[in-house]
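One-letter residues, chain by chain:
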Amino acid sequence: MARSMPLVSRVTTGTRTLGRFADLVVAAFGHLVRDLAGLRFAWREFLDQAWFMVTVTVLPAILVSVPFGVIVSVQVGSLTNQIGATSIAGAAGGLGVIRQGAPIVTALLLGGAAGSAIAADLGARTVREEIDAMRVMGIDPVRRLATPRLAAMLVVAPLLCSLVIFMGLVSGYVVNVGFQGGTPGSYLSSFASFASTTDLVVAMVKAEIFGIIVVLVACQRGFEATSGPRGVANAVNASVVVGVLSAFIVNVLATQLVSMFLPQRLG
């Protein structure tokens, strides 16, 4: 009986945390819709947060997507050479980047760079009691702090995913054509035969969902930070781990749903 109590306590704590996260999601989206409809949206904060997210993620996105595209192209090219299917190297590598690689890289970058910074900022404000002071003055912290960051993430996430896709495809093309003996026409034609607009749309939707998860998890952890600087550090670590892990789990579910309802078709 004594051993079962910690397990029950953990389940209860996890359920309550999930409930608070759901409340935060509803409140943030509710404020976003109402503020946009009522012309009271904090555009200055939105632009500041969007620019900050861009500055902390663009360079890492380039540095990660280039070697990622090279690795995918090398592995796919080696496999297609062994089975005598070099004509589909472009399709296999490109689809791998678009469908799985780019959204996952986007989630990692948003969680590791933007999410950690958001959790650190809000956590520091929480331990300095700025969040409590805002509530005392009648200012909703979710509306003032979380909603502009959510809106900024909704804009930055698909743009970052597009950058990762572009850099991954270009680097894969260079490796295949320049070092693996592929031809530009074969690479592009095979990619055009298999890839479709649906693949790009699915990648963007995944990036949006991952961005929403990352930013709202970071906001929740920041708002609930305690115990001074140590609590802020714990909030940052938790936001990165929980945000990225949640994005991976959602990616598995989304991949299964896409495979069921949008199967791959040639042409």
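Residues numbered from 1 in each chain as written. Predicted model: local features only at pLDDT ≥ 70, side-chain atom pairs only at ≥ 80, totals over all residues. Heavy atoms only, no water.

As recorded by an unreviewed UniProt entry, the protein chain carries the name Phospholipid/cholesterol/gamma-HCH transport system permease protein and is attributed to Rhodococcoides corynebacterioides.

### Let's talk about the overall build of the protein chain
In terms of helices and strands, the protein chain carries 8 helices and 0 strands. Seen through its C-alpha atoms, the protein chain measures out along the principal axes to roughly 70 × 55 × 35 Å. Buried positions account for 41% of the 267 residues belonging to the protein chain. In the protein chain, of all internal contacts separated by at least 6 residues, the share reaching a separation of at least 24 is 86%. Roughly 13900 Å² of accessible area belongs to the protein chain as shown, and the carbon and sulfur atoms make up 69% of that amount. The protein chain carries 18 positive and 12 negative side-chain charges, and their two centres are separated by 7 Å. (Helix = DSSP H or I, 4+ residues; strand = E, 2+ residues; numbered from the N terminus. Buried < 20%, exposed > 50% of the residue type's maximum accessible area, 1.4 Å probe, protein only. Contact = heavy atoms within 4.5 Å. Areas by Shrake-Rupley, 256 points an atom, 1.4 Å probe, with all protein chains shown as cover. Lys, Arg positive; Asp, Glu negative; His and termini not counted. Charge placed at Lys NZ, Arg CZ, Asp CG, Glu CD.)

### Observations concerning the confidence of the model for the protein chain
Here the protein chain shows a mean pLDDT of 87. Residues at 70 or above account for 94%. Mean pLDDT across the elements of the protein chain bottoms out in helix α6 (residues 184-194) (78) and peaks in helix α7 (residues 197-223) (93). (pLDDT = per-residue confidence, 0-100.)

### With respect to the UniProt feature "transmembrane region" (unreviewed entry) in the protein chain
Per the UniProt record, the feature "transmembrane region" (unreviewed entry) sits at residues 49-72, 104-124, 150-174, 194-219 and 240-262. Secondary structure across residues 49-72 comprises 100% helix and 0% strand; the distance between its end C-alpha atoms is 33 Å. The distance from the first to the last C-alpha atom of residues 150-174 is 36 Å, and the span holds 100% helix and 0% strand. (UniProt positions renumbered as here; feature names shortened; annotations may be inferred.)

### Details of the pattern of salt bridges
Evaluated as defined, the whole model comprises 10 salt bridges. For aspartate 35, the salt bridge identified is with arginine 143, shortest N-O distance 2.9 Å. Separated by 108 residues along the polypeptide, aspartate 35 in helix α1 (residues 4-37) and arginine 143 in helix α5 (residues 141-179) bring together distant segments of the chain. Taking relative accessible area as the criterion, aspartate 35 reaches 4% and is therefore assigned buried. You can call arginine 143 partly exposed: its relative accessible area is 31%. (Salt bridge = Lys/Arg side-chain N within 4 Å of Asp/Glu carboxyl O.)

### Here we look at the nonpolar core
Counting residues in hydrophobic clusters, the biggest one holds 45 residues, and the most contacted among them are Cys219 and Phe223. When contributions to this core are tallied by element, the ones reaching two or more residues are α1, α2 (43-83), α3 (89-127), α4 (130-136), α5 and α7. Looking at this core, the element that brings in the most residues is α5, giving 13 residues. For cysteine 219, the residues in contact, after removing those within four places along its chain, are Leu24, Ile118, Leu122, Ala146 and Arg149. (Core = buried A, V, L, I, M, F, W, Y, C linked by side-chain atoms within 4.5 Å.)

### With respect to the side chain of threonine 57
Looking at the secondary structure, you find threonine 57 in helix α2. Polar contacts involving the side chain of threonine 57 include one to the main-chain carbonyl oxygen of methionine 53, which spans 2.5 Å. Each residue touching threonine 57, except ones within four places of it in the same chain, is listed here: Leu109, Leu110, Ala113 and Leu160. (Polar contact = N/O pair within 3.5 Å; in protein donor to acceptor, adjacent residues only side chain to side chain.)

### Here we look at α5
For α5, which comprises 39 residues, the first-to-last C-alpha distance of 54 Å matches the rise-based estimate of 57 Å (1.5 Å per residue) to within 8%. Maximum bend of α5: about 30 degrees, positioned at threonine 147, with proline proline 148 one to four residues after it. Capping the start of α5, aspartate 140 holds a side-chain oxygen 3.1 Å from the backbone nitrogen of valine 142, two or three residues further along. Of the residues flanking the end of α5, it is glycine 181, one or two places downstream, whose phi is positive at about 75 degrees. (Expected span 1.5 Å × (residues − 1). Bend = angle between axes of the 7 residues up to and from the residue.)

### Here we look at the side chain of glutamate 45
Looking at the secondary structure, you find glutamate 45 in helix α2. If we skip the residues at most four places from it in the chain, glutamate 45 touches Arg144, Pro148 and Arg149.

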